[in-house]
Amino acid sequence: MNSSYLENSIIGSLFRFFSPYFSTATRPTRFLLTWLVIAQVALQAFPSLRFLHRNFLSQVTHRCLNSSYRALQNETVTSHSLRLQTAQLACSLIPAALQNEPVFLSVDDTTVPKFGKKFDAVSLLHDHACHTGKPYVNGHCFVSLTLSVPVLNQREGKAPLIRYLAVPVGYRMWTKEQTKLELAGDLIEEVMPLLKDRQVLLIFDNWYAKSSLIERVLQYPGLDIICNVRSDSAMYELPPLPNGKPGRPKKRGKRIHMNDFTLSWNMDGMQVGHRIVLTHICGNRRIHAYVSCTTLAPGGFSSAP
């Protein structure tokens, strides 16, 4: 494909966008890898490299199939470098007027069913979403990290609004060599050096609300956590003031439960209560705990926090 076409077409725009992902590779390898990504975008599928070559790559690159295999074996382009490049591109979207706004990191996992048992690292997984209609599925589990950055939403005749653009940074496949908590911690530590001068809010569900992950990521001074916890998580009042009696002072106050929260305000039809508490999963840090419910039943709460 001639250079003038690449320079003045939509394909050329895609080429200029994806080429930086492979900047450490040689020029021929960067050429093939960029076309490989564009082929996936064009065909919206990647069942095999042979499929991409037969239906797209052979018609635009005029390279043999083995050339694509050799390009994928390049050691200078790794999943780590691809994730860093994606995070850098996401940060470059933040306009100058919003440089002081916080960014969000979201951790989650997803299950991909497989219809065979000979795939690498395939195992029987619990699928809480029941994608196949069954609670257990034979497949792979991927831990994902998403970076949400603020951008301006221009409105005709009105002041622009701030909205957040979610950019998937990358995925790590779970194997028995590492836990999902360790994979999540690795993904977060990869991008935090790029966000060291920003306020970062880390979001995850109650499965990831474990002390091993929380203690690992709270080493970064600009990072705070917003998460759900299990409804039976232990919460304690703040330690009482010294009373002058002999003995070691208490580290925590008495244990409190959801029913001990006072629902002091209404938020979008939900009753919300707030207390500053101590928990085991966050060590000695004081935590802002919120409990919400849709309706107040005579015996307590009708929904978990």
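The present account deals with the structure reproduced in this document.

Reading the values: rules and limits
- Residues numbered from 1 in each chain as written.
- Predicted model: local features only at pLDDT ≥ 70, side-chain atom pairs only at ≥ 80, totals over all residues.
- Heavy atoms only, no water.
- Axes fitted to C-alpha atoms, helices over the stretch in contact; angles between N-to-C directions.
- Helix = DSSP H or I, 4+ residues; strand = E, 2+ residues; numbered from the N terminus.
- Parallel < 35°, antiparallel > 145°, perpendicular 65-115°, else oblique.
- Contact = heavy atoms within 4.5 Å.
- Nonpolar A, V, L, I, M, F, W, Y, C, P; charged D, E, K, R; others polar.
- Salt bridge = Lys/Arg side-chain N within 4 Å of Asp/Glu carboxyl O.
- Buried < 20%, exposed > 50% of the residue type's maximum accessible area, 1.4 Å probe, protein only.
- Core = buried A, V, L, I, M, F, W, Y, C linked by side-chain atoms within 4.5 Å.
- Patch = residues over 30% accessible without salt bridge, like charges linked within 9 Å, V, L, I, M, F, W, Y side chains within 5 Å.
- Areas by Shrake-Rupley, 256 points an atom, 1.4 Å probe, with all protein chains shown as cover.
- Pairing = 2+ DSSP bridges.
- Right-handed = clockwise from strand over helix to strand, strands pointing away.
- Disulfide = S-S within 2.5 Å.
- Phe/Tyr/Trp six-rings, centres within 6.5 Å; stacked < 30°, edge-to-face > 60°.
- Lys NZ or Arg CZ within 6 Å of the ring centre and 35° of its normal.

**Regarding the packing of helix α3 (residues 27-43) against helix α5 (residues 65-72)**
Two measures define how a pair of helices packs: the angle their axes make with one another and the distance between the axes.
Link 1 in the chain: Interhelical geometry of α3 versus α5 gives an angle of 100 degrees and a closest axis separation of 9 Å. As far as their axial angle goes, α5 and α3 are roughly perpendicular. The segment α3 lies against α5, with Thr 29, Leu 32, Leu 33 and Leu 36 engaging Ser 67, Ser 68, Ala 71 and Leu 72.
Link 2 in the chain: Looking at the contact of α3 with α5 residue by residue, the classes come out as five nonpolar, three polar and no charged.

**Structural notes on the pattern of salt bridges**
Link 1 in the chain: One pass over the full model with this rule turns up eight salt bridges.
Link 2 in the chain: Residue Lys 180 is joined to Asp 109 by a salt bridge in which the shortest nitrogen-to-oxygen separation is 3.7 Å. Within this pair, whereas Lys 180 is found in helix α7 (residues 180-191), its partner Asp 109 is found in strand β1 (residues 103-113), the two being separated by 71 residues in sequence. Judged on exposure class, the residue Lys 180 and its partner Asp 109 are both buried.
Link 3 in the chain: Notably, a salt bridge pairs Arg 285 with Glu 215, separated by 3.0 Å at the nearest N-O pair. Here Arg 285, found in the loop between β10 (270-279) and β11 (287-293), pairs with Glu 215, found in helix α8 (residues 211-217); they are 70 residues apart in sequence, far enough to count as distant.
Link 4 in the chain: On the basis of relative accessibility, which here comes to 36%, the residue Glu 215 falls in the partly exposed class.
Link 5 in the chain: Residues joined by salt bridges that share partners form a network here, namely Arg 172, Asp 186, Glu 189 and Arg 216.

**Details of the nonpolar core**
Link 1 in the chain: The biggest cluster of nonpolar side chains holds 33 residues, and the ones touching the most others in it are Leu 105, Val 107, Leu 147, Ile 188 and Leu 195.
Link 2 in the chain: Breaking this core down by element, the ones donating at least two residues are α6 (79-92), β1, β3 (136-155), β4 (158-173), α7, β5 (200-204) and α8.
Link 3 in the chain: Counting residues per element, this core draws most heavily on α7, at six residues.
Link 4 in the chain: In terms of nonpolar packing, the next biggest core, distinct from the first, is built from 20 residues, Phe 15, Phe 18, Leu 33 and Leu 52 among them.

**With respect to a nonpolar patch on the surface**
Link 1 in the chain: Together, Leu 152, Ile 162 and Tyr 164 make up an exposed nonpolar region whose accessible area comes to about 230 Å².
Link 2 in the chain: In this structure, Leu 152 sits in strand β3.
Link 3 in the chain: On the basis of relative accessibility, which here comes to 32%, the residue Leu 152 falls in the partly exposed class.

**A closer look at the pairing of strand β6 (residues 223-227)**
Side chains on a regular strand alternate between the two faces of the sheet.
Link 1 in the chain: Pairing of β5 with β6 involves five bridges; the strand directions are parallel. Within β6, the position partnered with Phe 204 by the bridge is Cys 227.
Link 2 in the chain: With α8 bridging β5 and the parallel β6, this β-α-β connection has right-handed handedness.

**As for the state of the cysteines**
Link 1 in the chain: Inspection of the entire model under this criterion finds zero disulfides.
Link 2 in the chain: Cys 293 forms no disulfide, and the closest cysteine sulfur to it belongs to Cys 227, at a distance of 19 Å.
Link 3 in the chain: Owing to a relative accessible area of 0%, Cys 293 belongs among the buried residues under this scheme.

**Brief notes about the packing of aromatic side chains**
Link 1 in the chain: Applying the stated criterion across every chain yields a total of 11 aromatic pairs.
Link 2 in the chain: Ring centres 5.8 Å apart and planes at 50 degrees place the aromatic pair Phe 15 and Phe 31 in the tilted group. Of this pair, Phe 15 sits in helix α2 (residues 10-18) while Phe 31 is found in helix α3, placing the two residues 16 residues apart along the sequence.
Link 3 in the chain: Under the relative-accessibility criterion, Phe 15 is labelled buried at 14%.
Link 4 in the chain: Here Phe 31 and Trp 35 contribute two aromatic rings whose centre-to-centre distance is 6.4 Å and whose plane-to-plane angle is 75 degrees, an arrangement assigned as edge-to-face. Taken together, the residues span about one helical turn, with Phe 31 and Trp 35 both in helix α3 at a distance of four residues.
Link 5 in the chain: Through a chain of ring-to-ring contacts, three or more aromatic side chains come together here, namely Phe 15, Phe 31, Trp 35 and Phe 56.
Link 6 in the chain: Stacked on the ring of Trp 207, the Lys or Arg Lys 180 has its end atom at 4.3 Å from the ring centre.
Link 7 in the chain: Over the ring of Trp 207 we find Lys 210, and its NZ or CZ is 4.9 Å from the ring centre.

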